[in-house]
Amino acid sequence: MSASAFTQRLVRERLAQWLDERGWQPFRFQRQVWRAMLDGRSGLLHASTGAGKTLAVWAGAMLRAARLGGPEPMQVLWITPMRALAADTTATIDALGCHVDARCAAALRSGDTPAAERRRQDRAPPFALVTTPESLSLMLSQPAAQPRLAGVRTVVIDEWHELLGNKRGVQVQLALARLARLTPDLVVWGVSATLGNLHQAAEALGCDDPVLIGAHLGKQHRIDTLLPESTERFPWGGHLGIRMLDPVIADIAAHASTLVFTNTRSQAERWYQEILARRPDWAGSIALHHGSLDAGQRRWVEAALKRGELRCVVCTSSLDLGVDFSPVERVLQIGSPKGVARLLQRAGRSGHSPGGVSRIGIVPTHALEMLEAVAARQAVQAGRIESREPPDAPMDVLVQHLVTVALGTGFQADAMFDEVRAAWSFRSLRRESFDWALDFVGRGGASLTAYPEYRRVLADAHGCHRVEDAGIARRHRQSIGTIVADAAVLVRYLNGGRIGTIEESFIARLRRGDRFVFAGRVLELIRIDDMTAWVRPARGIRGAVPRWSGGKMPLSNELAATMLECLSAIETGTLRGAEARMLAPLMALQMRWSALPGPDRLLIEHMHSREGSHLFVHALAGRSVHTGLAALLAWRFARQTPATFSISVNDYGFELLCPERLDWSGRFTSDLLSDENLLDDVLASLNAAELAQRRFREIARISGLVFQGHPGAKRSTRQLQASASLFFQVFRDHDRANLLLDQAHREVLAQELEIDRLRAALAAMRARRLALVALARPSPFAFPLMVERFRERLSTEKLGDRIARMLRDLEAHADC
């Protein structure tokens, strides 16, 4: 028997022993993965959370290593999107690997890994290295990249759905193309639980003829809704659902361990405070977890949750991904999840085992979110899961990657062009665009040739492109990555203890002595020095809740389409369940005063008030699309007759308000919904230049035009924006062919204005029958749009008074 055959048999026997000790038998999909990996095939494994995906690809990697002659150092790279997930994965696969073969050890390398541990790994590399996209790029930037990574035979990308649709995924694609050049027989496996576009996701791994394996294990998801005692007939958002506090606390008390997910960090802070205030006896057994908290505190919460020591953790997407918290019995989702994939991902935190039942309860924060809960449950049953579309040729990521590779092995231009085109997002890259990127990193393009710091990559006498300047090399390694967020201020106690980071835009509004809630504590601001906010506890006093960017997630197409079907079922009386009974008074009033939107009906309401003429369009296309639709229709209305409009939007529709009296019935024509000249009209209707300039800050940081600063001397958001704006203006005035400038405009259209979704929404609206209804007063569906507009210009106190007066008047008419 050959040595490789003996090693294979040994791995199989010890793997079988490990499974037997736990009373497990391998699933069919796991055997399929092992067979494909042994055959040298790459592919995508799509299976529900807790089904055994990690075991499938990890055992496959060990079996493949045995077939190739035995476990060798740095034979497997395991890429995860989050550091917390990386740590959990490392512990899991290392325990199994060491049981099977002492040489199959795994180690973690991320931004949190101490320098001494990184040096130890360099001296004695592990069999498998678990890392993040940023740390992998950093390894590729090292001069020893080729000898260190040339032995990699298997790459696993965990939670591929989390990376696929953003620039971090493109960063992974380019890294895979580099590894494939270093190792021609590389095998790559993506692992995912919640994806709609499976074939595209498999192709984006950059492999020829990828295998697509799905696990159909009949995973059970029990999705219910925590219902209030009564519900309003005129719903409005914005109060974070705190009136549902008692049902939430009762549900937490009924289970040993619960995760309470919120959609924003400010919501998490508020709910943690409210739960603790209502149940002070739970102090020490409930915790808070979100991405702005100190890493040490997050790790403590994760470890305590795994040990079953916490009754409840209030969290955000920081705990979305595949960390195995087996003790968790129950998940609660505060407010609508806004997407089917997000709901399934969060539900999978409970019942995290093969055959386990995932239990999640949706806690509506206003009445219409009960309808979203019904729609989400039906979408899960129908298997409607959102797709994640990979970005198309982001030039800022390419520019960064060229400098990264030039820092490492160096490259020849022709070979690098072929390598980049092997990455799915750059499969159609033209040579002129690649040459532009090469010129940009070589001399700063057409407009920055006078500045030596932008001559980053130079070709030597043999045509090999390298980075020679040590200062440029140091700055680039400190800036590797594509995650760009608002500048964060470190929050510390006066005694020096770290609490976490908070957005500069929030803390800059506070003065000395002001109080705010952060990390579940009420803090008093003492001073701000060098991007650090020094604080002390402010006991017994409530404070302002920090507001983080990106807090409003739009409704997905899949969930919106299912909501329209649910509305049609309500109209025909065929929607059953407790939510339908709770919604009955609201829906009955909406139908009495107006009508319901539906799959074949576009509901548009109009009315006159002391404020002017109102138009309410209920398209159910999501907040971001409604923003573009509202601006587009206002622009097209104004072309017919000069007028000024105020705009408000939510996930269900938008309002146009003109201070002059308008006859809406004669103005709403089919031309308004046409997609002819759509791009020109959208750009004219919005301040696209300002949006592009804001977007350019991210592009400038990723491409290395602006430097965020050395550790301990970070530049502020205002400084970065000023620097990026200067480059934007220079390129706009003197270098119109600059591809980064073009990318900024493309990203505004694709990401902020969602031009494709907007075009699809217009087509869907044209296909429906128009129901134009004149209102005597705001309908239940129109009322929340008016509240959105009031919120922009009224203080919280005045807003509450205004809403209370309107509700009294509307309820009086509703009871007539």
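Located above this text is the structure these notes cover.
So, here is what we can say about the structure in this document. Along each chain, residue indices are assigned from 1 in the same order as the chain's sequence is written. Reporting of local features is limited, given that this is a predicted model, to residues whose pLDDT is at least 70; pairs of side-chain atoms are given and counted only at 80 or more, and all residues count toward the totals for whole chains, interfaces and linings. Hydrogens and water molecules were not included; the side-chain quantities draw on all heavy atoms of the structure.

## Quick word on the overall build of the chain
Logical step 1: Strands are runs of DSSP state E lasting at least two residues, helices are runs of H or I lasting at least four, and both sets are numbered from the N terminus onward. The number of helices and strands found in the chain is 30 helices and 26 strands.
Logical step 2: Only protein chains enter the accessibility calculation, which uses a 1.4 Å probe. A residue is then buried if its area is under 20% of the maximum for its type, exposed if over 50%, and partly exposed in between. For the chain, with 816 residues in total, the buried portion stands at 58%.
Logical step 3: Residue contacts follow a heavy-atom distance rule, with two residues in contact if any of their heavy atoms lie within 4.5 Å. For the chain, contacts bridging at least 24 residues in sequence account for 74% of all contacts bridging at least 6.
Logical step 4: Areas reported here follow the Shrake-Rupley algorithm with a probe of radius 1.4 Å; residue values treat only the protein chains shown as occluding. About 33,000 Å² of surface is accessible on the chain, with carbon and sulfur atoms providing 49% of the total.

## A word on the sheet that holds strand S14 (residues 411-412)
Strand pairing in a sheet takes place through backbone hydrogen bonds and is either antiparallel or parallel in direction.
Logical step 1: Read across the sheet, three strands follow the order S14-S16-S15 without closing on themselves; strand pairing throughout is antiparallel. The open sheet has two edge strands, S14 and strand S15 (458-459), and neither has a second partner.
Logical step 2: Here the rule is simple: two strands pair whenever DSSP picks up at least two bridges between them. Examined bridge by bridge, S15 and strand S16 (residues 464-466) share two bridges and lie antiparallel to one another. Residue pairing in the sheet places Leu 458 in a bridge with Arg 466 of S16.

## A word on the nonpolar core
Logical step 1: Phe 426, Phe 637, Leu 656, Phe 696 and Leu 705 are the most contacted members of the largest nonpolar core, which has 81 residues in total.
Logical step 2: It is helix H16 (residues 395-407) that provides the largest number of residues to this core, a total of nine residues.
Logical step 3: Residues within four places of Phe 426 in sequence aside, it is in contact with Val 170, Leu 174, Ala 393, Pro 394, Leu 398, Val 420 and Arg 421.
Logical step 4: In these notes, a set of buried Ala, Val, Leu, Ile, Met, Phe, Trp, Tyr and Cys residues joined through side-chain atoms within 4.5 Å is what counts as a nonpolar core. Counting 51 residues, the second largest nonpolar core, distinct from the first, contains Cys 315, Val 380, Leu 564 and Ile 570.

## Let's talk about a positive patch on the surface
Logical step 1: A surface patch of like charges, here positive, comprises Arg 12, Arg 28, Arg 31, Arg 35 and Arg 67.
Logical step 2: In terms of residues, the positive patch owes the most to one element, helix H2 (residues 28-38), which gives three residues.
Logical step 3: Given a relative accessible area of 41%, Arg 31 falls into the partly exposed group. Patches here: salt-bridge-free residues with over 30% relative accessible area, like charges joined within 9 Å, nonpolar side chains (Val, Leu, Ile, Met, Phe, Trp, Tyr) joined within 5 Å. Whenever a carboxyl oxygen of Asp or Glu lies within 4 Å of a side-chain nitrogen of Lys or Arg, that contact is scored as a salt bridge. Within this scheme the basic residues Lys and Arg register as positive and the acidic residues Asp and Glu register as negative, but His and the chain ends are omitted. For charged residues, the charge sits on one atom: NZ in Lys, CZ in Arg, CG in Asp, CD in Glu.

## Topic: the packing of aromatic side chains
Logical step 1: In this analysis, rings of Phe, Tyr and Trp, with Trp reduced to its six-membered ring, are considered paired at centre separations within 6.5 Å, and the interplanar angle assigns stacked below 30 degrees, edge-to-face beyond 60, and tilted for intermediate values. One pass over the structure, following the stated rule, counts 12 aromatic pairs.
Logical step 2: Taking 6.0 Å as the distance between ring centres and 15 degrees as the angle between the ring planes, the aromatic pair formed by Phe 27 and Phe 29 counts as stacked.
Logical step 3: Judged by relative accessible area, Phe 29 falls into the buried class, the value being 3%.
Logical step 4: Relative to Phe 731, the ring of Phe 440 lies with its centre 6.4 Å away and its plane at 70 degrees, an arrangement referred to as edge-to-face. You can see Phe 440 sitting in helix H18 (residues 431-443) and its partner Phe 731 sitting in helix H26 (residues 717-734), a full 291 residues away along the chain. We note that Phe 440, like Phe 731, is buried.
Logical step 5: Through a chain of ring-to-ring contacts, the aromatic side chains of Trp 436, Phe 440, Tyr 454, Phe 696, Phe 727, Phe 728 and Phe 731 assemble into a single cluster.
Logical step 6: When the ring centre of Phe 417 is taken as reference, the NZ or CZ atom of Arg 431 above it lies at 5.0 Å.
Logical step 7: In our convention, an over-ring charge means Lys NZ or Arg CZ found within 6 Å of a ring centre and within 35 degrees of that ring's normal. The ring of Trp 593 is capped by Arg 777, whose NZ or CZ atom sits 5.2 Å from the centre of that ring.

## What to know about the pairing of strand S4 (residues 128-131)
Logical step 1: Of the two faces of S4, the one lined by Ala 128 and Val 130 and the one lined by Leu 129 and Thr 131 are each fully buried.
Logical step 2: Bridge count for strand S3 (residues 106-109) against S4 is four bridges, and the pairing is parallel. Within S4, the residue paired with Ala 106 across the bridge is Ala 128.
Logical step 3: Crossover handedness is defined by viewing with both strands directed away from the observer: a clockwise path from the first strand over the helix to the second marks the crossover as right-handed. Handedness of the crossover joining S3 and S4 through helix H5 (residues 115-123) is recorded here as right-handed.

## Section: the sheet that holds strand S22 (residues 601-609)
Logical step 1: The strand order across the open sheet built from five strands is S24-S25-S23-S22-S26, with neighbouring strands paired in mixed fashion. One side of each edge strand has no neighbouring strand; the edge strands of this open sheet are strand S24 (646-649) and strand S26 (769-774). On average, adjacent strands in this sheet sit at an angle of 15 degrees to one another, irrespective of strand direction.
Logical step 2: With four bridges joining them, S24 and strand S25 (residues 654-658) adopt antiparallel strand pairing. Bridge pairing in S25 links Ser 648 to Glu 655. A fitted line through C-alpha atoms represents every axis, and for helices the fit uses only the stretch in contact; the resulting angles, taken between N-to-C directions, go from 0 to 180 degrees.

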